[in-house]
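Report on the structure
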Amino acid sequence: MSAMDSHFYGVSSKLFLTLLFLSLSISYAALPQNPVSKSSSTTQINSNSVLVALLDSHYTELAELVEKALLLQTLEEAVGKHNITIFAPRNEALERELDPEFKRFLLEPGNLKSLQTLLMFHIVPKRIVSRDWPAESSPSFRHPTLSNHHVHLKTQGNRLIDSAEIVRPDDVVRPDGLIHGIERLLIPRSVQEDFNRRRNLRSISAVLPEGAPEVDPRTHRLKKPAAPVPAGAPPVLPIYDALAPGPSLAPAPAPGPGGPHGHFNGMKQVKDFIHTLLHYGGYNEMADILVNLTSLATEMGRLVSEGYVLTVLAPNDEAMAKLTTDQLSEPGAPEQIIYYHIIPEYQTEESMYNAVRRFGKVRYDTLRLPHKVVAQEADGSVKFGQGDGSAYLFDPDIYTDGRISVQGIDGVLFPPEEETKIEKKTGPLVKAVSKPRRGKLLEVACRMLGAVGQESHFSTCQ
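Figured I'd write up the structure that's included with this text. (Residues numbered from 1 in each chain as written. Predicted model: local features only at pLDDT ≥ 70, side-chain atom pairs only at ≥ 80, totals over all residues. Heavy atoms only, no water.)

A short note on the packing of aromatic side chains
- Per the stated rule, a full pass over the model turns up six aromatic pairs.
- Where F87 meets W133, the ring centres are 6.3 Å apart and the plane angle is 80°; that geometry is what we call edge-to-face. Placement of the pair is F87 in strand β1 (residues 84-89) and W133 in the loop between β2 (123-124) and β3 (141-144), with a sequence separation of 46 residues.
- Residue classification places W133 among the buried residues on the basis of a relative accessible area of 9%.
- Aromatic ring contacts, followed pair by pair, group F102, F105 and F195 into a single cluster. (Phe/Tyr/Trp six-rings, centres within 6.5 Å; stacked < 30°, edge-to-face > 60°. Helix = DSSP H or I, 4+ residues; strand = E, 2+ residues; numbered from the N terminus. Buried < 20%, exposed > 50% of the residue type's maximum accessible area, 1.4 Å probe, protein only.)

Considerations on the sheet that holds strand β5 (residues 158-161)
- Judged by pairing direction, the sheet is mixed, and its seven strands sit side by side in the order β2-β1-β7-β6-β5-β4-β3 without closing on themselves. The strands lining the two open edges of the sheet, one partner per strand, are β2 and β3. (Pairing = 2+ DSSP bridges.)

As for the nonpolar core
- Counting 35 residues, the largest nonpolar core has F273, M286, L290, M300, I338 and V406 as the members making the most contacts within it.
- At five residues, the largest contribution of residues to this core is made by helix α13 (residues 296-305).
- The residues contacting V406, other than those within four sequence positions of it, are F273, L277, V312, A314, D397, I398 and Y399. (Core = buried A, V, L, I, M, F, W, Y, C linked by side-chain atoms within 4.5 Å. Contact = heavy atoms within 4.5 Å.)

Describing the pattern of salt bridges
- This model, assessed by the stated rule, comprises eight salt bridges.
- Here R90 ties to E97 by a salt bridge, and the two come within 3.2 Å at their closest N and O atoms.
- Look at R90 and you get partly exposed, because its relative accessible area is 27%.
- Here R197 ties to D194 by a salt bridge, and the two come within 3.3 Å at their closest N and O atoms. Note that R197 and D194 are positioned in helix α9 (residues 189-205) at a spacing of three residues, about one turn of the helix. (Salt bridge = Lys/Arg side-chain N within 4 Å of Asp/Glu carboxyl O.)

Comments concerning unusual backbone geometry
- The peptide bond linking L369 to P370 adopts the cis configuration, its omega dihedral lying at -5°.
- Relative to the elements of secondary structure, P370 occurs in the loop between β12 (361-365) and β13 (372-378).
- Located in the positive-phi region is N148, a residue other than glycine, with phi close to 65°.
- Mapped onto the fold, N148 is located in the loop between β3 and β4 (150-156).
- Residue D397 is not a glycine yet carries a positive backbone phi of 50°.
- Mapped onto the elements, D397 comes out in strand β15 (residues 391-400).

Right, here's the structure in full:
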C-alpha cells in the first residue's frame with residue numbers, strides 16, 4: 001500500500017512540476033521583451049536630427065517662426081514616428097518679400113493656429129529626395145502634409161512644389177529627414193481666407209465717424225480741414241493758446257490742443273524733473289509751489305505732452321525765502337511769478353552762454369505775456385534781469401531731457417514794471433521839515449524894511 005502510495009505520489013509530483021514549468025513559460029512569453037518600453041515611448045532627439053539641423057541652419061527666419069508657433073514638441077513626435085521632409089523658404093522671402101500686413105497677422109497672439117497651420121503646410125511626413133520628383137512629362141505627385149492639406153510636386157523645367165521653385169534641393173540631409181530650400185512661402189487656402197476675413201473686419205471697424213462740414217460765416221464756404229500733424233512734430237498753435245485762462249476763470253488747467261492724444265509722456269517728465277529738484281537739494285520751495293501751492297506742474301505736463309518744450313529758471317530756497325507775504329497773497333500771484341521764470345524754448349547752460357557771448361543781451365520770451373526776461377554775460381556766467389532784481393545762473397543743467405530744461409538761479413525775477421512798484425512801496429520815508437511861522441510883529445517889521453529896500457539883509461524876512 002505504501003509502495004502504491006509512493007508511486008502515486010511520485011507520478012503526481014512529476015505531473016505537478018511539469019504543469020508548473022509550462023505555466024511559467026507561457027507567462028514569461030506573454031511579458032514584453034523590453035521592460036523599459038514605457039519610458040522609451042518618449043521621443044529622444046539626437047544631435048544628428050533634422051530638427052536640430054533646421055534650428056542651426058541658415059533658414060533662421062523659418063526656425064524663429066517654428067519656435068514662436070510652439071511647434072517643436074509636435075515636430076519631435078512626428079520625427080519619432082517617421083522621416084519628414086521640410087520645404088524651407090529663403091530668409092529674404094520671409095523678411096523682405098512677405099507682405100508686412102500678412103506677417104503682422106501671423107505674429108498676433110490670437111492667430112497662433114493660423115501660424116501653426118502655415119508652418120506645418122511646409123512639412124511632409126515622408127522622405128522625399130530630389131530624385132523622387134516626377135518627370136516633366138509625368139503628372140504631378142500629391143502628398144499630404146502635417147497640416148492635413150496636400151501639396152503637389154511637379155517638374156516644369158525646374159522642380160516645383162505647388163507654384164514655388166526648389167532652389168536648393170537636398171540642402172540638408174539627415175537620417176530622420178531632409179530640407180529642401182524653396183524660393184517663397186507656401187500659403188494654404190484656409191490661412192489666406194482667414195487673413196482676408198480678418199482684414200475685411202478690421203477695415204470696417206476702422207472707419208471713424210466724421211461730423212458735418214463746417215461753413216465759414218464770413219465767406220459762406222466750407223472750411224478746409226487742417227493739415228494732419230505728424231507724430232512728434234512741433235505743435236501748430238503757439239504755446240500761449242494752450243495755457244489755462246487763469247486762476248480767476250479756470251482753477252484747473254485746460255488741456256492743450258489735441259486733447260489726450262499726446263505723443264510725449266509729459267506728466268512723467270514733469271514728475272521726473274520735480275523729483276530731481278528735491279534730490280538735488282536747495283529747491284524744495286520751487287517744487288512746493290509747482291505741486292502744492294499751484295497746479296502748474298499738471299499744466300506743464302500737459303504742455304509737454306502736446307509737444308511743447310520748456311526751460312525753467314528755478315530760484316533756490318534762499319531766494320524764495322526773501323519773498324514777502326504780500327507778494328504771494330494776491331490772487332494769481334504765485335502763478336504769475338512762476339510764469340515769468342518759464343521760457344517756451346529748450347535752452348541749456350551752454351546754449352544760453354554762447355548766445356549772450358555772441359549777442360551781448362538776449363531777450364527770452366516767457367509764459368507771462370508780454371514780458372521778456374533779459375540775459376547777459378556777467379563774471380563768466382549768465383545773468384538774468386537788471387539792477388538789484390537780477391539773478392545769476394547758479395546751478396546749470398539740473399535737469400535736461402530734450403523737452404524740459406531746468407536751470408538753477410540765485411534770485412527771484414520780476415518784470416521791470418513790478419520792480420519799480422516794489423521799490424516805491426518799500427522806499428525810505430523822507431521827513432518833511434516845515435518852515436517856522438513868523439509872528440505878526442515880525443511881518444510888519446519885514447514889510448517896513450521892504451519898503452526901504454533893506455529886507456534882503458535879514459535872513460528872517462527871506
